[in-house]
Amino acid sequence: MEQIWVDKYRPKKFSDIVGQEYFVKRIKSFLESKNLPHLLFAGSPGTGKTTTALVIARELYGENSLKGNFFELNASDDRGIDVIRNQIKEFAKLKSLADVPYKIICLDEADSLTKEAQQALRRTMERFSSSCRFILACNEMSKIIDPIQSRCVIFKFKPLKEQSLRLLIDKIEKEEKLKIKEDAKEFLIKSSQGDLRRLVNTLQAASSIKKEVDMEIINEIMDYVDPTEVGDMIKYAQAGEFFKARDVMIKLRVVKGLTGLEILKEIYKRVLEMDIDPKTKVKFVDRIATVEFRLVEGSDEELQLEALLAMMALLN
Ligand SMILES: Nc1ncnc2c1ncn2[C@@H]1O[C@H](COP(=O)(O)OP(=O)(O)OP(=O)(O)O)[C@@H](O)[C@H]1O
Ligand SMILES: [Mg+2]
């Protein structure tokens with residue numbers, strides 16, 4: 001299976017970002033004046049919050065110095081605020097490697113932080129305000145405490161309009177050499193509800209069946225995503241058909257938008273019900289537990305699930 005399109009088509013520069021023209025304009029003028037405030041990006045999923053934060057960092061530091069100057073934390077990872085604070089401190093202490101006097105700390109899904117954690121974050125923001133700029137991203141702004149809101153310039157990201165969605169469909173159609181029927185385009189636009197991630201994922205799933213995308217194929221993939229498919233995935237793996245199993249896994253992630261942990265839970269349930277040699281079952285469960293631990297720790301989902309499927313294939 002090829003690269004996941006949401007990564008492939010994640011904008012690298014401002015001009016790749018569709019819609020959100022007003023935000024892009026304002027952010028560009030901040031960057032021109034070399035005076036970037038703390039930013040709070042709030043709003044709907046798949047509208048470009050994380051993407052915009054990354055573009056800002058690329059623009060400021062360039063691809064090569066990105067690493068030492070841009071630090072990304074996902075607040076919804078099951079990590080305590082102490083860990084977050086310590087990591088921020090460690091990062092802030094190191095000298096900026098570029099000729100920009102500050103580094104950027106991007107805290108994704110900040111609305112999942114508790115109020116206490118947000119208070120701590122607020123103090124951290126104050127403490128490092130001369131050497132760091134914060135970009136916070138969240139879905140629900142009401143869950144962010146006022147003192148943090150008042151320290152940031154706020155951008156509310158709305159679901160993207162039809163025109164912007166169409167722009168991206170047409171771009172992908174061209175680059176991937178697809179032929180998408182007009183009614184399929186209209187369906188993709190409507191069903192995505194302004195969420196570009198969903199749009200790109202559905203399009204990738206459809207086009208993996210056929211390069212001529214019509215409503216028949218769209219209906220097929222919409223039916224295709226059923227958690228019972230996890231059962232098929234395991235069967236393929238056990239039959240040694242690793243690549244088939246992996247295709248199902250990628251479809252579950254890409255189309256249905258299931259997270260690695262959700263898929264893993266489903267695998268676990270299936271494995272428990274399976275009528276197999278108890279020793280093999282124990283080995284499976286043991287490996288599932290290991291993979292779960294790694295996913296919670298933030299390991300690459302695709303890689304971990306693939307490794308699990310490969311192990312299931314080998315044990316038979
Ligand atoms: N404005 C945009 N222009 C072009 N592509 C976009 C845009 N917004 C989102 N995308 C596509 O959707 C994917 C997900 O976008 P992103 O991670 O920025 O969403 P988000 O707003 O941070 O969502 P969430 O609230 O779920 O974190 C990107 O990798 C890209 O493929
Ligand atoms: Mg995001």
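The preceding data block contains the structure.
Keep in mind the model is a prediction, meaning the values are calculated, not measured.

Analysis parameters
- Starting afresh in each chain, residues are numbered from 1 along the sequence in its written order.
- As a convention, the first chain written is A and the first ligand written is 1, with the rest following in written order.
- Given that this is a predicted model, residues contribute local features only at a pLDDT of at least 70 and side-chain atom pairs are listed and counted only at 80 or more, while totals for whole chains, interfaces and linings are drawn from all residues.
- For the side-chain quantities, the full set of heavy atoms in the structure was used; hydrogens and water were omitted.
- Here, two cysteine sulfur atoms that lie within 2.5 Å of each other are counted as a disulfide.
- Working definition: with a 1.4 Å probe on protein chains only, accessible area under 20% of the residue-type maximum means buried, over 50% means exposed, and in between means partly exposed.
- When DSSP finds at least two bridges between two strands, those strands are taken to pair.
- Each helix is a run of DSSP H or I of at least 4 residues and each strand a run of E of at least 2, with the numbering of both proceeding from the N terminus.
- Simply put, an axis is a line fit to the C-alpha atoms, just over the touching stretch for a helix, and the angle between two N-to-C directions goes from 0 to 180 degrees.
- Note on contacts: a residue pair qualifies if any of its non-hydrogen atoms lie within 4.5 Å across the two residues.
- Roughly parallel means an angle under 35 degrees; roughly antiparallel, over 145; roughly perpendicular, 65 to 115; everything else is oblique.
- Definitions for this section: a left-handed crossing has its near helix turned counterclockwise from the far helix by less than a right angle. A right-handed crossing has that turn clockwise.
- Proximity is defined per residue: if any heavy atom of the residue lies within 4 Å of a molecule or strand, that residue is considered near it.
- Identification of polar contacts relies on pairs of N or O atoms within 3.5 Å, with a donor-acceptor requirement for protein atoms, meaning one able to donate a hydrogen and the other able to accept it, and with residues adjacent in sequence counted only if both atoms are side-chain atoms.
- Computed with a 1.4 Å probe, the accessible areas rest on the Shrake-Rupley method; for each residue, only the protein chains presented here act as cover.
- We define a nonpolar core as any set of buried Ala, Val, Leu, Ile, Met, Phe, Trp, Tyr and Cys residues linked to one another through side-chain atoms lying within 4.5 Å.

S.K.: Teacher, can you tell me more about the state of the cysteines here?
M.R.: Here is the idea: a disulfide is a covalent bond, and it sits between the sulfur atoms of two cysteines. Under the counting rule described, the total for this entry stands at 0 disulfides. In this structure C132 is not part of a disulfide, and its nearest cysteine sulfur, from C106, lies 13 Å away. A residue is classified by how much of its surface remains accessible, and C132, at 0% relative accessible area, is buried. Take C138: it sits in no disulfide, and the sulfur closest to it among the cysteines is that of C152, at 9.5 Å. Of the residues examined, C138 reaches a relative accessible area of 2% and is grouped as buried.

S.K.: I tried to follow the sheet that holds strand β3 (residues 103-108) on my own but got confused; where do I start?
M.R.: Here we have 5 strands laid out as an open sheet, ordered β2-β3-β4-β1-β5, and parallel in their pairing. At either margin of the open sheet sits one strand with a lone partner, and together these are β2 (70-74) and β5 (152-157). Neighbour-to-neighbour, the strand axes of this sheet turn through a mean angle of 15°, independent of strand direction. Sheet topology note: the strand β1 (residues 38-43)/strand β4 (residues 132-138) ladder contains 4 bridges and is parallel. Bridge pairing in β4 places A42 opposite C138. Set on the sheet, helix α2 (residues 21-32) makes contact with β1 and β5; between it and β5 the angle comes to about 155°. The strands that helix α5 (residues 115-127) touches are β1, β3, β4 and β5; relative to β4, the one it contacts most, it runs at about 150°.

S.K.: Hey, could you run me through the packing of helix α13 (residues 260-273) against helix α15 (residues 301-314) in this one?
M.R.: Packed helices, taken two at a time, are described by the angle between their axes plus the distance between the axes. Where α13 contacts α15, the axes come no closer than 10 Å and their chain directions differ by 20°. As the angle between them shows, α13 and α15 are arranged roughly parallel. For the crossing formed where α13 meets α15, the hand is left-handed. Only E301, L305, L308 and M312 of α15 make contact with α13, whose side of the interface consists of G260, I263, L264, I267 and V271.

S.K.: Just to check I follow, could you spell out the site of ligand 1 for this structure?
M.R.: Residues in contact with ligand 1 amount to 18 residues; listed here are only the nearest, V6, G46, K49, T50 and T51. At a separation of 2.9 Å, a nitrogen atom of ligand 1 approaches a polar backbone atom of V18. In the environment of ligand 1, an oxygen atom lies 2.9 Å from a nitrogen or oxygen atom belonging to the side chain of N139. Relative to its free-state accessible area of 620 Å², ligand 1 is covered by the protein chains to the extent of 96%. Mapped by element, the contributors of at least two residues to the shell around ligand 1 are α3 (49-69) and α9 (196-209). No other element matches α3, which puts 3 residues into the shell around ligand 1.

S.K.: How should I be thinking about the nonpolar core in this particular structure?
M.R.: Looking at soluble globular proteins, one finds that nonpolar side chains tend to be buried together. In this structure, I172, I180, M233, I267 and V271 are the most contacted members of the largest nonpolar core, which totals 52 residues. In terms of nonpolar packing, the next biggest core, distinct from the first, is built from 28 residues, V55, L66, V100 and A137 among them.

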